[in-house]
Amino acid sequence: MVEHGFDEDRLTGALTRETVKKNVAAIHISGKLTLLQRKLSNVLLLNAYDTLTSARSHTIDARTLAMMVGYNSNDVDSLRASLRALAETVAEWDMLDEQGHQEWGVSALLSFAKLKNGVCEYAYSPALAQKLHDPKIYALINVKIQRNFTSGHGLALYENCYRFVRTGSTGWWSLDIFRKLMGVDGSAYYESFKHLNAKIIKPAVAEVNKSSDIIIEPQTRKKGRAVSDIRFLIKENPQMAMFQIDDSDGLRNLSVYKALRGQGVSDRLARQWITEHGQDYVQEKLDYVAGQGEVKSSVGYLRAAIMGDYSAAEGSKASPRKPVDPETQAKLDAQRSIQEAEKAAEDAAFKARAAERRERARYLDIVETLVSRRNPTQRDADKRLFLSRLESDLDREHFRQHSWRSALNAAAIISFWQELEPDAFVEEVG
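Residues numbered from 1 in each chain as written. Predicted model: local features only at pLDDT ≥ 70, side-chain atom pairs only at ≥ 80, totals over all residues. Heavy atoms only, no water.

S.K.: I'm lost on a nonpolar patch on the surface in this one. Help?
M.R.: A contiguous nonpolar patch, built from Val90, Trp104 and Val106 and spanning about 320 Å² of accessible area, is present on the exposed surface. Mapping Val106 onto the fold places it in strand S4 (residues 102-108). Judged by its relative accessible area of 45%, Val106 falls in the partly exposed class. (Patch = residues over 30% accessible without salt bridge, like charges linked within 9 Å, V, L, I, M, F, W, Y side chains within 5 Å. Areas by Shrake-Rupley, 256 points an atom, 1.4 Å probe, with all protein chains shown as cover. Salt bridge = Lys/Arg side-chain N within 4 Å of Asp/Glu carboxyl O. Helix = DSSP H or I, 4+ residues; strand = E, 2+ residues; numbered from the N terminus. Buried < 20%, exposed > 50% of the residue type's maximum accessible area, 1.4 Å probe, protein only.)

S.K.: Please clarify how the sheet that holds strand S8 (residues 173-174) should be interpreted in this entry.
M.R.: Pairing between the strands of a sheet is mediated by backbone hydrogen bonds and can be parallel or antiparallel. Spatial strand order, S8-S10-S9: 3 strands in an open sheet with antiparallel pairing. Two strands close off the open sheet at either side, each with one partner strand: S8 and strand S9 (214-223). Relative to strand S10 (residues 226-236), S9 runs antiparallel, the two being bridged by 10 bridges. Within S10, the position partnered with Glu217 by the bridge is Leu233. The strands touched by helix H17 (residues 393-402) within the sheet are S9 and S10, with S10 carrying the most contacts at an inclination of about 110 degrees. (Pairing = 2+ DSSP bridges. Contact = heavy atoms within 4.5 Å. Axes fitted to C-alpha atoms, helices over the stretch in contact; angles between N-to-C directions.)

S.K.: When you look at the environment of Leu302 in this model, what are you seeing that I'm missing?
M.R.: As for its position among the elements, Leu302 is in helix H14 (residues 298-308). Considering only alpha carbons, one finds Leu302 and Val289, 13 residues apart in sequence, at a separation of 6.3 Å. When near neighbours in sequence (up to four residues on either side) are disregarded, Leu302 contacts Leu260, Val265, Trp273, Lys285, Leu286 and Val289.

S.K.: Teacher, can you tell me more about a positive patch on the surface here?
M.R.: Together, Arg353, Arg357, Arg358 and Arg360 line one region of the surface with positive charge. Along the polypeptide, Arg360 turns up in helix H15 (residues 326-372). Here Arg360 falls in the partly exposed class, since its relative accessible area comes to 30%. (Lys, Arg positive; Asp, Glu negative; His and termini not counted. Charge placed at Lys NZ, Arg CZ, Asp CG, Glu CD.)

S.K.: In this structure, what is going on with the nonpolar core? I would like to understand it.
M.R.: Generally speaking, a soluble globular protein has its nonpolar side chains buried in company with each other. Ranked by internal contacts, the top residues of the largest apolar core, which has 29 residues, are Leu157, Phe178, Met182, Leu196, Ile214, Ile216 and Phe232. Aside from chain neighbours lying at most four places away, what touches Phe232 is Leu157, Cys161, Gly168, Ser169, Thr170, Trp173, Phe178, Ile201, Val205, Ile216, Glu217 and Pro218. In this structure, Leu40, Met68, Val69 and Tyr122 belong to the second largest nonpolar core, which totals 25 residues. (Core = buried A, V, L, I, M, F, W, Y, C linked by side-chain atoms within 4.5 Å.)

S.K.: Explain the packing of helix H13 (residues 279-290) against H14 to me, please; I cannot follow it from the model alone.
M.R.: Relative placement of two packed helices is described by the angle separating their axes and the distance separating the axes. It is the contact of H13 with H14, at a shortest axis distance of 9 Å, that shows an interaxial angle of 130 degrees. As judged from the angle between their axes, H13 and H14 are oblique. Seen along the crossing, H13 lies across H14 with a hand that is right-handed. Note on element contacts: H14 touches H13 through Ser298, Tyr301, Leu302, Ala305 and Ile306, opposite Tyr281, Val282, Lys285, Leu286, Tyr288 and Val289. (Parallel < 35°, antiparallel > 145°, perpendicular 65-115°, else oblique. Left-handed = near helix turned anticlockwise from the far one by under 90°.)

S.K.: How should I be thinking about the sheet that holds strand S6 (residues 119-123) in this particular structure?
M.R.: In spatial order, the strands read S2-S6-S5; together these 3 strands make up an open sheet with antiparallel pairing. The open sheet has two free edges, formed respectively by strand S2 (58-61) and strand S5 (112-116), since each of these has just one partner strand. The sheet shows a mean angle of 20 degrees between the axes of neighbouring strands, direction not considered. Judged from the 5 bridges that link them, S5 and S6 form a sheet pairing that is antiparallel. Paired with Lys114 across the two strands is Glu121, which belongs to S6. Sitting on the sheet, helix H2 (residues 35-48) is in contact with S2 and S6, with an inclination near 115 degrees to S2. The strands touched by helix H3 (residues 62-69) within the sheet are S2, S5 and S6, with S2 carrying the most contacts at an inclination of about 75 degrees.

Rendered as structure tokens:
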């Protein structure tokens, strides 16, 4: 049913953008949608956004729509079912207007949808269109990032957390509200926090942290002995650049890529080998190495097999491969030079980060020594003063948990203590 890749050159207009603005109200209304229905809702909104309040209806090529959300482009029945689900899902918002007056409203997510001659036409109710288009209250949801998600609960949690990335925390939600956001309200099974945590919260948090540009951490509070509220601390994911969500070739979706990664081959090298040699050739060498039993270094042996064209049939090097034409060889050489330069830059950056971590750890050791010399009253005063300087809720929460060893606040901690005890750091460096 799922079609993983598609030609992005076919996209035009609003669909060429990576992000869709989602009003706070919109983010809170589609909890009961499946993963693909939620993705479909986002793509339709992206397509319609520029004319959301001026056009009575919007159109999009049905084949393009299906491929953008991961449907097989020929699976019309599934597309129809998802459009029907959007038209049958009730959107409810409860928010303050510009004058601070409470506003409640309800609408179907789509007022109508139809498929005709390979084109999908759809519309929003005027009231909902106005809410969806409100430029004052929205989150930017990356439509390419949403392709990484494999569960509806994970994507729902991402959408509900992402709009708080600048404040660092969602704030406290009652469990009733959280169940509604996740689309499991009304389920007796999820009335138990134990079940909610095991089946919804933990898997969804794991997927958000693995698949998106933010990292979240759940925290709970209790009334008596029962958990009553939950919030999520949020920070940007510094590893997101490694995901390269603009991977239009879809290399990371290939089974051979996953096999290479499973053997310990780096992301960069796996993509390089597949690009240069083709997936069939690389898979052949994977099979060859697998048939050799225990080897000292599987990655090293695999590299030799790929570079030397080892053949399982002959048990040694195969006959020479067909010569590459000069133009193709020149392109490969240029690509290899670029990749080598990138690798050198990566190595240099890694060494610089390692040196920075060692220096930071050494400075934090000094801080720890300085703190140990203070009496309890001074320590409390130091903590209160430092906390007053932190602007982010996430930074403050991290410091409360890890004190002067808070890696998230390391730079601020070192600067703080350099102001208090500059001589200690000068002596250590000298």
